[in-house]
Amino acid sequence: MTLRIHNTLTRALEKFSPLEPGHVRMYVCGMTVYDLCHLGHARSMVAFDVVQRWLKASGYRVTYVRNITDIDDKIIKRSLENGETVRGLTDRMIDALHQDADALGIERPTHEPRAMDYVPQMLSMIGTLQDKGLAYQASNGDVNYAVRKFPGYGKLSGKSLDELQAGERVAVDDGKQDPLDFVLWKSAKTSEPEEVKWASPFGAGRPGWHIECSAMSCEMLGQSFDIHGGGADLQFPHHENEIAQSEGANGKPMASVWMHNGFINVDNEKMSKSLGNFFTIRDVLQEFDAETVRFFVVRSHYRSQLNYSDVHLNDARGALKRLYTALGTVTPDDVTIDWAEPHAARFKAAMDEDFGTPEAVAVLFELAGEVNRTGSTQTAGLLKTLGGVLGLLQDDPKAFAQAGAGVDEDAIQAQIAARAAAKAAKNFAEADRIRQALAAEGIVLKDSPTGTTWERG
């Protein structure tokens, strides 16, 4: 079966074939680093981590670029509020981003370019757009993109210029020739720190948000590449504007396939910093172990909306625990996947149909059931190896059973010892009290002839 991907641009499932045989070039819009990453960011990072893992498992060489926006209005505002430099703030937030992503088992991209390092490339592209009559310098010093001069504008979002016009307003003295036009280069303001002002043919200033991705993707992957990804909220205007810039400057299709992951919702509203209803990754990891959070994301299709709640996270942990319990019953063999094996073939068919992780996870549960029935070390090995393709099931089963934020292992062992002493003294009421107290904290004790072990409930 051949990999098919839902292309936002064509609104259809399409057979995937990279421009360069055997080599996939993928660009995904990353984070604007003025604050800690929230669970919505985790959803996007995990989704495209799974994409690149499956491409590699399918035999492709993958060049994966995920940018970092380290120059932006919000970053400047936050740095001034904090009394720190922009570079100091963004370095700190990038370190936090890496810690959170590493905890979730997200492999580092091949390249992680920072916008500040690519201003010359952005200025070069803006100059090309100006030479082609697609950009102009406004009276306020900004350089804007002339949207109506690019014939394909709206093709990604499916919006007509008339529909877009109805939702726009012209800011007072913004210098735009048309309310749809967007900024490529922002003229320097006296209130902004010197570190965010670059010399340019248009005067001192800094790049707009959209131009950075066009310039960096072109620099690192070429004028045309295979996959461009990001959250559904970026489809318009960010990705629409990227197409206008890149294709306007280069005269070539920017990306063959456009992929967008769905939102995470809280109370039926999109989780976002602007709405104030977000949970940082660190917030969630104080309550749940990282692999449970990853599994919560992976078991839903990347394009679907995902509803966040403690109930859903607890359900995800319970489901993941069933898989680990199967692996804890036998020692898995080291397995090289035979994709013709029936379970592996079903897993592959699911992943080849637009990265169908829900169906792929269902195959993992089939394998777990077979392990429980047969005790087969070969089947357990296949379960663990296929789980690894999704970034799951690589921990020790006992370690997973005991994993969880806020667990004090020494305190639990002390309680187990106190319970054993109570039982030895025939104080069964005290032994039961200790068991119940631990159960109330989500700790389940398991007695056996060799002693007492514990796990998270």
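Below is a short write-up of the structure. Everything quoted here is computed from the prediction, not taken from an experiment.

## A closer look at the layout of surface pockets
- As a volume, the largest pocket reaches approximately 660 Å³.
- In terms of lining, the largest pocket is formed by 27 residues, of which the most central are His 38, His 41, Asp 233, Leu 234 and Lys 270.
- A breakdown of the residues in the lining of the largest pocket according to their chemical character gives eight nonpolar, 14 polar and five charged.
- Considered as a void within the structure, the second largest pocket measures approximately 360 Å³ in volume.

## Looking at the sheet that holds strand β3 (residues 23–28)
- With parallel pairing, four strands are arranged side by side in an open sheet as β4-β3-β9-β10. Only two strands of the sheet have a single partner each, and these edge strands are β4 (61–66) and β10 (255–261). This sheet shows a mean twist of 20° between the axes of neighbouring strands, independent of strand direction.
- Direction of pairing for β3 relative to β4: parallel, over a ladder of six bridges.

## A few points about the packing of aromatic side chains
- If you walk through the whole model with that rule in mind, you get 10 aromatic pairs.
- Aromatic pair Tyr 302 and Phe 355: ring centres 6.3 Å apart, planes at 70°, arrangement edge-to-face. With Tyr 302 in the loop between α9 (290–298) and β13 (306–307) and Phe 355 in the loop between α11 (342–352) and α12 (357–374), this pair connects stretches of sequence that are 53 residues apart. Judged on exposure class, the residue Tyr 302 and its partner Phe 355 are both buried.
- In textbook terms, an aromatic cluster arises when at least three aromatic residues are bridged by ring pairs, as seen for Trp 54, Trp 339 and Phe 347.
- The ring of Phe 236 carries Lys 159 above its face, with NZ or CZ at 5.9 Å from the centroid.
- Here the basic side chain of Arg 317 rests over the ring of Phe 400, its NZ or CZ set 4.5 Å away from the ring centre.

## Considerations on the state of the cysteines
- Across all of its chains, the model carries zero disulfides by this definition.
- For the unlinked cysteine Cys 37, the closest cysteine sulfur is that of Cys 29, found at 14 Å.
- Unpaired in this structure, Cys 218 has its nearest cysteine sulfur neighbour in Cys 213, at a distance of 13 Å.

## Remarks on helix α10 (residues 310–329)
- For α10, built from 20 residues, the straight-helix expectation of 28 Å at 1.5 Å per residue is met to within 8% by its first-to-last C-alpha distance of 29 Å.
- Residues Leu 313, Ala 316, Arg 317, Ala 319, Leu 320, Lys 321, Leu 323, Tyr 324, Ala 326 and Leu 327 constitute the buried set of α10.

## Brief notes about unusual backbone geometry
- Residue Pro 237 follows Phe 236 across a cis peptide bond; omega there is 5°.
- Relative to the assigned elements, Pro 237 resides in helix α7 (residues 235–250).
- For Arg 11, which is not glycine, the phi dihedral falls at a positive 60°.
- In this fold, Arg 11 is placed in the loop between β1 (4–7) and β2 (12–15).
- Owing to a relative accessible area of 44%, Arg 11 belongs among the partly exposed residues under this scheme.
- A positive phi angle is found at Leu 393, which is not glycine, with a value near 65°.
- As for its position among the elements, Leu 393 is in the loop between α13 (377–389) and α14 (397–402).
- Looking at Leu 393, the relative accessible area reads 1%, which means it is buried.

## Looking at empty space enclosed by the protein
- Tallied over the entire structure, the rule returns one cavity of 30 Å³ or more.
- Considered as a void within the structure, the largest cavity measures approximately 80 Å³ in volume.
- Contributions of two or more residues to the lining of the largest cavity are made by α1 (39–57) and α9.
- Looking at which element gives the most residues to the lining of the largest cavity, the answer is α1, with five residues.
- Partitioning the lining of the largest cavity into residue classes produces eight nonpolar, three polar and one charged.

Cut-offs and rules
Residue positions within a chain follow its written sequence, with the count starting from 1. A pLDDT threshold of at least 70 governs which residues receive local features in this predicted model, and a stricter bar of 80 or more applies before side-chain atom pairs are shown or counted, although totals over entire chains, interfaces and linings include all residues. The side-chain numbers reported here are obtained from all heavy atoms of the structure, hydrogens and water having been left aside. Cavity: a set of points on a 1 Å grid over the protein atoms alone where a 1.4 Å probe fits but cannot get out. Pocket: an open set with protein on both sides within 12 Å along at least five of seven lines, its lining residues, like those of a cavity, having an atom within 4 Å of a point. Grid points are joined across faces, edges and corners, and a volume is the space filled by probe spheres set on the points. We call Asp, Glu, Lys and Arg charged. Ala, Val, Leu, Ile, Met, Phe, Trp, Tyr, Cys and Pro are nonpolar, and the rest, Gly among them, are polar. Strand pairing is assigned whenever DSSP identifies at least 2 bridges connecting the two strands. Only runs of H or I of at least four residues qualify as helices and only runs of E of at least two qualify as strands under DSSP, and these elements are numbered from the N terminus. To get an axis, a line is fitted to the C-alpha atoms, and for a helix only the part in contact is used. The angle between two axes follows their N-to-C directions and goes from 0 to 180 degrees. Working definition: rings of Phe, Tyr and Trp (its six-membered ring) pair if their centres are within 6.5 Å, and the pair is stacked with planes under 30 degrees apart, edge-to-face with planes over 60 apart, and tilted otherwise. When accessible area is computed with a 1.4 Å probe and restricted to protein chains, residues below 20% of their type maximum are described as buried, those above 50% as exposed, and intermediate ones as partly exposed. Cation placement over rings: the criterion is NZ of Lys or CZ of Arg within 6 Å of the ring centroid and within 35° of the ring normal. Note on terminology: pairs of cysteine sulfur atoms within 2.5 Å are recorded as disulfides. In this analysis, the expected span of each helix is defined as 1.5 Å times one less than the number of residues it contains.

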